[in-house]
Amino acid sequence: MPELPEVETVRRGLEKYLVGHVIERVEVINPGPFQGDEKNVEGHKVIEARRSGKGLIIDLDNDFSLAIHIKLTGQLIYRDEQTKNEPLSPKAGSLPGKFTHVIFHLDKGGLLYYNDQRKFGWIRVVATDEIMNISFFKSMGPEPFGLGIGDELTLEKFQSILSKAGTKVKPLIMDQVKIGGIGNIYANDALWNAKIDPARPGKSLSDSESKELFDSIIKVMELSFAEGGASELTFVNILGQEGNYQSHTLVYGKTGKPCPRNDGGVIRRIELGGRGTFYCDKCQH
DNA sequence: GCGGGTGTTCACGC
DNA sequence: CGCGTGAACACCCG
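None of these values were measured; they are calculated from a predicted model. (Residues numbered from 1 in each chain as written. Chains lettered and ligands numbered in written order. Predicted model: local features only at pLDDT ≥ 70, side-chain atom pairs only at ≥ 80, totals over all residues. Heavy atoms only, no water.)

(A) Fine view of the overall build of chain A. A tally of regular secondary structure across chain A gives six helices and eleven strands. By the compact-globule yardstick of 19 Å for 285 residues, chain A fits well, its C-alpha radius of gyration being 20 Å. Across its three principal directions, the C-alpha atoms of chain A cover 55 × 40 × 30 Å. Accessible area of chain A: about 12,200 Å², with a carbon and sulfur share of 49%. If the 36 positive side-chain charges of chain A are averaged to one point and the 38 negative ones to another, these points end up 6 Å apart. (Helix = DSSP H or I, 4+ residues; strand = E, 2+ residues; numbered from the N terminus. Rg over C-alpha atoms; globule rule 2.2 N^0.38 Å. Areas by Shrake-Rupley, 256 points an atom, 1.4 Å probe, with all protein chains shown as cover. Lys, Arg positive; Asp, Glu negative; His and termini not counted. Charge placed at Lys NZ, Arg CZ, Asp CG, Glu CD.)

(B) Up close: the domain arrangement of chain A. When the domains of chain A are assigned, the result is domain 1 (4-138) and domain 2 (144-280). Using C-alpha coordinates to define each centre, domain 1 is positioned 27 Å away from domain 2. At the interface, 34 residues of domain 1 touch 29 residues of domain 2. Of the roughly 2,500 Å² buried between domain 1 and domain 2 on both sides combined, carbon and sulfur atoms contribute 64%. In terms of surface lost to domain 2, no three residues of domain 1 exceed Leu4, Glu6 and Lys91, which account for 24% of the buried area on that side. Put simply, domain 1 and domain 2 have zero salt bridges between them. Inspection of the domain 1/domain 2 interface yields 13 residue pairs in polar contact (both at pLDDT 80 or more). (Domains from an automatic or database assignment. Contact = heavy atoms within 4.5 Å. Buried area = accessible area lost by both parts, 1.4 Å probe. Salt bridge = Lys/Arg side-chain N within 4 Å of Asp/Glu carboxyl O. Polar contact = N/O pair within 3.5 Å; in protein donor to acceptor, adjacent residues only side chain to side chain.)

(C) Spatial organisation of the nonpolar core. In this structure, Phe158, Leu162, Val169, Ile173, Leu213 and Ile217 are the most contacted members of the largest nonpolar core, which totals 38 residues. If you list the elements that add at least two residues to this core, you get helix H3 (155-163), helix H4 (169-173), helix H5 (184-193), helix H6 (207-227) and strand S11 (275-280). With seven residues, H6 is the single largest residue contributor to this core. Apart from residues no more than four positions distant in its own chain, Leu213 is found in contact with Phe158, Leu162, Val169, Ile173, Ala190, Leu191, Ala194, Ile196 and Leu205. By size, the runner-up hydrophobic cluster in this structure holds 29 residues, among which are Val26, Leu56, Ile68 and Leu239. (Core = buried A, V, L, I, M, F, W, Y, C linked by side-chain atoms within 4.5 Å. Buried < 20%, exposed > 50% of the residue type's maximum accessible area, 1.4 Å probe, protein only.)

(D) Expanded view of the pairing of strand S6 (residues 74-79). Burial of S6 is extensive: six of the six residues sit out of reach of the surface. Neither face of S6 is left uncovered, since the one carrying Gly74, Leu76 and Tyr78 and the one carrying Gln75, Ile77 and Arg79 both have all their residues buried.

(E) Highlighting the side chain of Ser65. Secondary-structure assignment places Ser65 in strand S5 (residues 64-69). Here Ser65 falls in the buried class, since its relative accessible area comes to 0%. A polar contact is formed between the side chain of Ser65 and the side chain of Asp59, at a distance of 2.6 Å.

(F) Structural context of the protein's contact with DNA strand C. Near DNA strand C, the surroundings consist of Lys98, Phe99, Gln117, Arg118, Lys119, Phe120 and Thr167. Each atom of DNA strand C within 4 Å of the protein belongs either to a base or to sugar and phosphate, the latter forming 66%. A distance of 2.7 Å separates a phosphate oxygen of DNA strand C from a polar atom in the side chain of Lys98. At 3.3 Å, a side-chain N or O of Gln117 approaches a sugar or linking oxygen of DNA strand C. Of the residues in the surface near DNA strand C, the class split is two nonpolar, two polar and three charged. (Near = heavy atom within 4 Å. Nonpolar A, V, L, I, M, F, W, Y, C, P; charged D, E, K, R; others polar.)

(G) Region of the structure containing the sheet that holds strand S1 (residues 22-28). Strand order across the open sheet formed by nine strands is S2-S9-S5-S4-S3-S1-S7-S8-S6, with mixed pairing between neighbours. Of all strands in the sheet, those bounded by a partner on one side alone are strand S2 (34-35) and S6. When S1 meets strand S7 (residues 100-106), the two strands line up antiparallel, connected through five bridges. Looking at the pairing, Glu27 lines up with Ile103 of S7. (Pairing = 2+ DSSP bridges.)

(H) A look at unusual backbone geometry. Cis geometry marks the peptide bond from Leu95 to Pro96, where omega comes out at -5 degrees. Assignment of secondary structure puts Pro96 in the loop between S6 and S7. Of note in this structure, Phe145 is not a glycine but carries a positive phi near 75 degrees. Inspection of the secondary structure assignment puts Phe145 in the loop between helix H2 (135-138) and H3.

What follows is the structure, encoded as C-alpha cells:
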C-alpha cells in the first residue's frame, strides 16, 4: 500500500477510530511481524496517531508506542459495532483471514486487524522517546505537504537536494533519506507530468524543471488523497475499502500503451535502481 | 512455469 | 564515504 497518500489515509483512519480507545488485548497469531512486549500495550489507551514518511506511530498513554511499517501489502482494518456492516473490499479478505497476523482487541468490542500477505511489514512496541532511535524514522527526509512529524519539503529544499545529486532523478526522489514518502507510482507519474526523463541526473535539471517536478509531485499526490489512495495491490483504508487512484495512473504500469498526451509516444518500461520505471519515449526529456 | 510487484535493508564492489 | 547493484524477505496474480 504504501506511499505517502496511502499511509496518511490510514493515519487519518487511526485518528478517527482508534484514538481514545483502550487496547485491552493483543492477539499475536504470527509472531514474525510483531516485535516487542504485548504487556506494554495491553490495558493502555491510544492518545495519538502520527506518521513520518511511509511509517506510522501509534502513541499510548504509558509512554510506549507502536511503530508500524506496512511495506507493500500490510493492512490495518478496524471493525466495531458501528462499522461492521460497512462494505469490505475483497482485498481485505475475511476477518480474520489467512494473512491476519495480529488482532488488537479494543474496548467496546472494537477490533483492529493487521493483515500482511507478504509479511514484509513490522509492528514494533517501543518506548515513545525511543522512536527516533529506529533508523527508518531517524533518517527520514523532509516530506511533501508537511503532514508528517518531520520537516516539510519546500521547493527550495527540493531544488537544493536535486542540485547536489549526480544520482538519476527517479531513484533520487524515491530515496527516503533525501525525501520522505515518495514511492514508485507517484515518482513515475510525477516525472511524466513534468516531462522529465527519469534517468537524468538530479543536478542536470534546470530550476524551472525542478520546480515543475516539485509541483507535479504535489499534484499527483493531491489527486491520490482525493481518490483515497491507490489500491493497485492490496491497499485498503481503515474501514477495509479501496482507494481509486490506480484508475487515474498516468504511466505507472502502462507499458506499451500510448502516452496519455496522445503525442504519438509509447510508454516504455526500464529498470532504474532495481525498480520498474515507466516513461513516454516521446515527451520526457 | 515465469515475470513482476505502492518497500526497506544489507552485503558487496568500485 | 558515496554510489550502484543485487539479493533477500514471501506470496499472489496474469
